Amino acid sequence: MKTVKRIWNMVSTILVALLVIAAVLLAGVRLFGLQVFTVLSGSMEPAYHTGALIYVKQVDTTQIQPGQVITFLLDEDTVVTHRVVEVVPDVEDPSVVRYRTKGDANNAPDGGLVHYRNVIGTPVFTIPYLGYVANYIQHPPGMYVAIAVGAVVLLLIFLPDVFSKDADKPKKRKGKYVKT
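Residues numbered from 1 in each chain as written. Predicted model: local features only at pLDDT ≥ 70, side-chain atom pairs only at ≥ 80, totals over all residues. Heavy atoms only, no water.

**Q** Now, about the overall build of the protein: what can you tell me, with residues and values included?
**A** Along the backbone of the protein there are 3 helices and 9 strands. Sorting the 180 residues of the protein into buried and exposed places 27% on the buried side. In the protein, of all internal contacts separated by at least 6 residues, the share reaching a separation of at least 24 is 49%. Approximately 12400 Å² of the protein is accessible, and the part contributed by carbon and sulfur atoms is 64%. (Helix = DSSP H or I, 4+ residues; strand = E, 2+ residues; numbered from the N terminus. Buried < 20%, exposed > 50% of the residue type's maximum accessible area, 1.4 Å probe, protein only. Contact = heavy atoms within 4.5 Å. Areas by Shrake-Rupley, 256 points an atom, 1.4 Å probe, with all protein chains shown as cover.)

Structure, rendered in structure tokens:
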């Protein structure tokens, strides 16, 4: 019985560690000023593969140079990561800068220029395939599956302790406590 309990403790510790690591990779990095995005297209292949998570940090937009990869807001709902091919100062106001961008796998530059205010930052690292998981658990039914898995893991961790405490309690027999 002790061997089973020891094995169970190792398994539950590994499960908790995996859940903590996943939580840190998906949400905890925000404490370090990083934002997390899922790559949804192959426009930046081979640098950033479809389904990867990219971790983006803020950048001083005055320091952005051609060849640098930036993540930016294309519109209210769309975030894009492409490479800067040209820095274009505004004709009327030189303090306003725009960037011509292009996906590495695309044949032509993007149609519009990116205003410096729309730049979120620059990617610092990526984790392949984790974006599929992140994207899945952010929307139903994946969200429900993630909650259920978390609840089951918690139950599996604490249930053995509940039963083992009952077994360790002395049982009352004919007015005396007897340890079994």
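The discussion continues.
**Q** Can you break down the side chain of S43 residue by residue, with the values?
**A** With respect to the helices and strands, S43 occurs in the loop between β1 (34-38) and β2 (53-57). The contacts of S43, once residues within four sequence positions are left out, are H82, G103, D104, A105 and N106.

**Q** Pulling in residues and values, what's your account of a nonpolar patch on the surface?
**A** On the surface, I7, M10 and V11 cluster together to form a nonpolar patch covering roughly 260 Å² of accessible area. Locating M10 in the fold gives a position in helix α1 (residues 2-26). (Patch = residues over 30% accessible without salt bridge, like charges linked within 9 Å, V, L, I, M, F, W, Y side chains within 5 Å. Salt bridge = Lys/Arg side-chain N within 4 Å of Asp/Glu carboxyl O.)

**Q** If you had to explain the side chain of D110 to someone new, which residues and values would you point to?
**A** Checked against the element boundaries, D110 lands in the loop between β5 (97-102) and β6 (114-115). For D110, which is buried and forms no salt bridge, the nearest opposite charge comes from K102, at a distance of 8.2 Å. A polar contact is formed between the side chain of D110 and the side chain of H82, at a distance of 2.7 Å. Reaching out from D110, the side chain makes a polar contact with the side chain of T101 at a distance of 2.5 Å. Residues contacting D110, with those up to four places away along its chain left out, are F72, H82, T101, K102 and G103. (Lys, Arg positive; Asp, Glu negative; His and termini not counted. Polar contact = N/O pair within 3.5 Å; in protein donor to acceptor, adjacent residues only side chain to side chain.)

**Q** Describe the environment of R98, with residues and values.
**A** Following the sequence through the fold, R98 ends up in strand β5. Setting aside chain neighbours within four positions, we find R98 in contact with E86, V87, V88, D90, L113, V114 and H115.

**Q** Now, about the layout of surface pockets: what can you tell me, with residues and values included?
**A** If a probe as big as a water molecule is rolled over the atoms, it shows which places are left empty. One number sums up the size of the largest pocket: a volume of about 890 Å³. In terms of lining residues, the largest pocket is bounded by 34 residues, among which T38, L53, A134, N135 and Q138 are the most central. Of all the secondary structure elements, the ones that give two or more residues to the lining of the largest pocket are α1, β1, β2, β4 (78-89), α2 (130-137) and α3 (142-168). At 6 residues, α2 tops the list of elements feeding residues into the lining of the largest pocket. (1 Å grid on protein atoms, 1.4 Å probe; cavity = no way out; pocket = protein on both sides within 12 Å on 5 of 7 lines; lining within 4 Å. Points joined across faces, edges and corners; volume = space filled by probe spheres on them.)

**Q** I'd like a description of α2, backed by residues and values.
**A** Listing the buried residues of α2 in full gives L130, G131 and A134. Along the axis of α2, the buried residues cluster in a sector spanning 100°; they form a single face. Where the residues of α2 are buried, they touch α1, β1, β2 and β7 (119-127). (Arc of directions from axis to C-beta.)

**Q** Could you give an account of the sheet that holds strand β3 (residues 69-75), naming the residues involved and the relevant values?
**A** Pairing between the strands of a sheet comes from backbone hydrogen bonds, and it takes one of two forms, parallel or antiparallel. Spatially, 7 strands are ordered β1-β2-β7-β3-β4-β5-β6 in an open sheet, and the strand pairing comes out antiparallel. Among the strands making up the open sheet, the edge pair consists of β1 and β6. Set on the sheet, α1 makes contact with β1, β2 and β7; between it and β2 the angle comes to about 50°. (Pairing = 2+ DSSP bridges. Axes fitted to C-alpha atoms, helices over the stretch in contact; angles between N-to-C directions.)

**Q** Explain the pairing of β3 to me, and be specific about the residues and the numbers.
**A** Judged from the 6 bridges that link them, β3 and β4 form a sheet pairing that is antiparallel. What sits directly across from T71, in β4, is T81. Here β3 folds back onto β4, and the loop between the two strands holds 2 residues. The sheet contact formed by β3 and β7 spans 2 bridges and is antiparallel. Note on β7: the bridge partner recorded for T71 is G121.

**Q** An account of unusual backbone geometry is needed here, citing residue identities and associated values.
**A** A cis amide bond links E45 with the next residue in sequence, P46, at an omega value of 5°. The omega torsion across P140 and P141 is 0°, close enough to zero to call that bond cis. Secondary-structure assignment places P141 in the loop between α2 and α3. Despite not being glycine, Y129 has its phi angle at roughly 70°, a positive value. Structurally, the position occupied by Y129 is in the loop between β7 and α2.

Keep in mind these values describe shape, not function.
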